[in-house]
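Working through the structure, step by step
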Number of protein chains: 2
Amino acid sequence: MPTTDALVDLLGALAYGELSAFDRLAEDARMAPALDGRAQMSAMAAYEFGHYRLLADRLAELGADPAVAMTPFVAPLEQYHSLTTPSTWLEGVVKAYVGDGMAADFYREVAAFVDEPTRALIEEVLSDGGRAEFALREVAAGLEVSPTQRGRLALWSRRLVGEAISQVQHVLADRDALMALFVEGAGDLAGISRLVTRVTERHERRMTTLGLNG
Amino acid sequence: MPTTDALVDLLGALAYGELSAFDRLAEDARMAPALDGRAQMSAMAAYEFGHYRLLADRLAELGADPAVAMTPFVAPLEQYHSLTTPSTWLEGVVKAYVGDGMAADFYREVAAFVDEPTRALIEEVLSDGGRAEFALREVAAGLEVSPTQRGRLALWSRRLVGEAISQVQHVLADRDALMALFVEGAGDLAGISRLVTRVTERHERRMTTLGLNG
């Protein structure tokens, strides 16, 4: 069974992830070429804020102050966002789908290591609110206008993945309870390797869906 | 009875008001000195986005494209926001309470001139989601640490009001249907004058509540 420290760390990391996703999606929405795209990305931001609130409430139920629980994860998540600030609308769309999608897959794997109510909460806050169709439509429309963006967006996706992995490694190295949860949950090195393979495969599927593979 | 053009204009102005309030509150939340204040201002942003969605849905029911209905109001609202960009957390808090409060009072007055379902919708989207208590607490805490900010915040509030009035005048001068709704609803010059007096009095009450008067 994971310790309360590990649960509070996991929920704190997720909660700050949602709060910063809210913040970044709201900011990236401004790059939308038209009001309806802006409204749709703003809707995603508001949706993530709803998830933040569920996580903050659960932290409070566990007797933890949400702000304190989130604090260790502010620096690594801000570092991720500052290293992956989109410079175009399509980069923002791809980040919302590919970057957030990969983070969700990773959290879903870790959710298998915790108690049932926490797992159900994590699965609820990871639902993507229809952003796959949105990303697909926006990227297809963008590539039709300017097909040369394909290579650039493929590179951008690789950068998102690289920076995300780098920050996950920093966090695990710093948070013993979280590392223990992760290692015990995965079982052994082979278990960790299978987990990473699954997350990578789902990432590749998203890239194929967007037409950014191969 | 107001024309459909006037209703679409009114709802379009309100809808863009909510979408831009979402955007600005999300941005201003970043200046919060601590994570809990940031989460609270982000919550206000998400709340305004919910209001935006109700207004966009109503516009669609009326057969209007929400993006088209909002377009005439993008420039004046962005102008208002760019002339009143807060440079401190407390300026942002005061703007969220005093600026948005005055806008809400104005819309509430205009709501008296339209049909009952539209009036009910407008009253719903103007509910402030508890920001009065939030503003009061944050401003009191800020003034305790640094009482010299009082004069500066009082000036800031006057600036918010001045810029808001200036943009309302621009909008009414540009949108005939909206001007007709306003003038017919108020009845005559004396009616307009009483409306302005009521809005001003409520503004003064908010200033007193914050301790920024006299």
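Residues numbered from 1 in each chain as written. Chains lettered and ligands numbered in written order. Predicted model: local features only at pLDDT ≥ 70, side-chain atom pairs only at ≥ 80, totals over all residues.

**Side note on the overall build of chain A**
Filter applied, for reference: Secondary structure elements follow DSSP: runs of H or I of four or more residues count as helices, runs of E of two or more count as strands, with numbering from the N terminus. All radius of gyration figures rest on C-alpha atoms, and the globule criterion is 2.2 Å times the number of residues raised to 0.38. Exposure criterion: with C-beta atoms placed from backbone coordinates, a residue whose C-beta has 20 or more other C-beta atoms within 10 Å is buried, one with 12 or fewer is exposed, and one in between is partly exposed.
Helix and strand counts for chain A come out as 9 helices and 0 strands. Tracing chain A from N to C terminus, the helices and strands come up as α-α-α-α-α-α-α-α-α. In terms of C-alpha radius of gyration, chain A reaches 17 Å, essentially the compact-globule figure of 17 Å for 214 residues. If one aligns the C-alpha atoms of chain A with their principal axes, the spans along those axes are about 50 × 35 × 25 Å. Per-residue burial for chain A yields a buried fraction of 43% across its 214 residues.

**Observations concerning the confidence of the model for chain A**
The condition that has to hold: Scored from 0 to 100, pLDDT records how confident the predictor is in each individual residue.
Per-residue confidence for chain A averages 93 on the pLDDT scale, and 99% of its residues sit at or above 70. As scored by the predictor, the complex reaches a pTM of 0.92 and an ipTM of 0.90.

**A few points about the relation of the copies chain B and chain A**
We apply this condition: When the copies are superposed, the least-squares fit draws on C-alpha atoms of residues that have pLDDT of at least 70 in both. We call two residues in contact when their backbone-placed C-beta atoms lie within 7 Å.
Overlay of chain B on chain A (RMSD 0.0 Å): rotation 180°, translation along the axis 0.0 Å. Expressed as a symmetry operation, the mapping of one chain copy onto the other fits a two-fold axis. Distance from the rotation axis, computed per C-alpha, reaches its smallest value in chain B at B:Ala46: 2.3 Å. When you check the interface residues of chain B against chain A, 100% turn up at the interface there too, and the contact is symmetric in its surfaces.

**Some words on the interface of chain B and chain A**
By convention, interface size is frequently given as the accessible area that disappears when the constituent parts associate. Rule in force here: Three categories are distinguished: nonpolar for Ala, Val, Leu, Ile, Met, Phe, Trp, Tyr, Cys and Pro, charged for Asp, Glu, Lys and Arg, and polar for the others, with Gly belonging to the last.
Contact residues are listed per partner, giving 18 residues for chain B and 18 residues for chain A. Mapped by element, the contributors of at least two residues to the side of chain B that touches chain A are α1 (4–29), α2 (35–61) and α3 (66–83) of chain B. Looking at the side of chain B that touches chain A element by element, the count peaks at 10 residues for α2(B). Tallied by class, residues from the side of chain B that touches chain A come to 13 nonpolar, 2 polar and 3 charged.

**Re the packing of helix α2 (residues 35–61) of chain A against α2(B)**
Note the following rule: Under this scheme, a helix contributes an axis fitted over its contacting stretch, all axes are lines through C-alpha atoms, and angles between N-to-C directions fall in the 0 to 180 degree range. An angle counts as roughly parallel when it lies under 35 degrees, as roughly antiparallel when it exceeds 145, as roughly perpendicular when it falls between 65 and 115, and as oblique in every other case. Two helices crossing with the near one rotated counterclockwise from the far one by less than a right angle form a left-handed crossing, whereas a clockwise rotation gives a right-handed crossing.
Packing of α2(A) against α2(B) leaves a shortest axis separation of 9 Å and a crossing angle of 130°. Between α2(A) and α2(B), the interaxial angle falls into the category oblique. Relative to α2(B), α2(A) is oriented so that their crossing is left-handed. Of the residues in α2(B), those in contact with A:Ala39, A:Ser42, A:Ala43, A:Ala46, A:Phe49, A:Gly50 and A:Ala56 of α2(A) are B:Ala39, B:Ser42, B:Ala43, B:Ala46, B:Phe49, B:Gly50 and B:Ala56. The residue makeup of the contact of α2(A) with α2(B), split by class, is 10 nonpolar, 4 polar and no charged.

**As for the packing of helix α4 (residues 89–111) of chain B against helix α6 (residues 131–145) of chain B**
Residue and element names in this part refer to chain B. Two numbers describe how α4 lies on α6: the axes approach to 9 Å, and their chain directions differ by 150°. With respect to their mutual orientation, α4 and α6 come out roughly antiparallel. Here α4 and α6 pass one another in a crossing that is left-handed. Each of Leu90, Val93, Val94, Ala96 and Tyr97 in α4 lies in contact with α6, whose residues at this interface are Arg131, Ala132, Ala135, Glu138, Val139 and Gly142.

**Some details on the environment of A:Ala177**
Residue and element names in this part refer to chain A. Tracing the sequence through the fold places Ala177 in helix α8 (residues 176–186). Remark: the alpha-carbon pair of Ala177 and Ile165, spanning 12 residues in sequence, is separated by 19 Å. Non-local contacts of Ala177, meaning those with residues more than four positions away in its chain, are made with Thr3, Asp5, Ala6 and Asp9.

**Let's talk about helix α4 (residues 89–111) of chain A**
Residues and elements named next belong to chain A. Note the following rule: In a helix, the anticipated span is given by 1.5 Å times the number of residues less one. To get the bend at a residue, fit one axis to the 7 residues ending there and another to the 7 starting there, then take the angle between the axes.
End to end, α4 covers 32 Å across 23 residues, agreeing with the expected 33 Å (1.5 Å per residue, within 8%). The largest bend along α4 measures about 30° and falls at Lys95. Of all 23 residues making up α4, 19 are buried, and the element is well covered by its neighbours.

**Some remarks on α2(A)**
Residues and elements named next belong to chain A. If you check α2, its first and last C-alpha atoms are 39 Å apart, about what 27 residues at 1.5 Å a residue would give, namely 39 Å. With 19 of 27 residues buried, α2 lies mostly within the body of the structure. Gly63 occupies a position one or two residues after α2 and carries a positive phi of about 85°.

**Observations regarding the environment of A:Leu210**
All names here are of chain A. For Leu210, the position within the fold is in helix α9 (residues 189–210). For Leu210, a count of 23 C-beta atoms within 10 Å translates into the label buried. Taking C-alpha positions, Leu210 is 9.9 Å from Leu153, a pair spaced 57 residues apart along the chain. Dropping the residues within four chain positions of it, Leu210 is found in contact with Ala135, Leu136 and Val139.

**A closer look at the environment of A:Leu160**
By secondary structure assignment, the location of A:Leu160 is in helix α7 (residues 149–174). Each C-alpha atom of the pair A:Leu160 and A:Val94 lies 9.3 Å from the other, and the pair is 66 residues apart in sequence.

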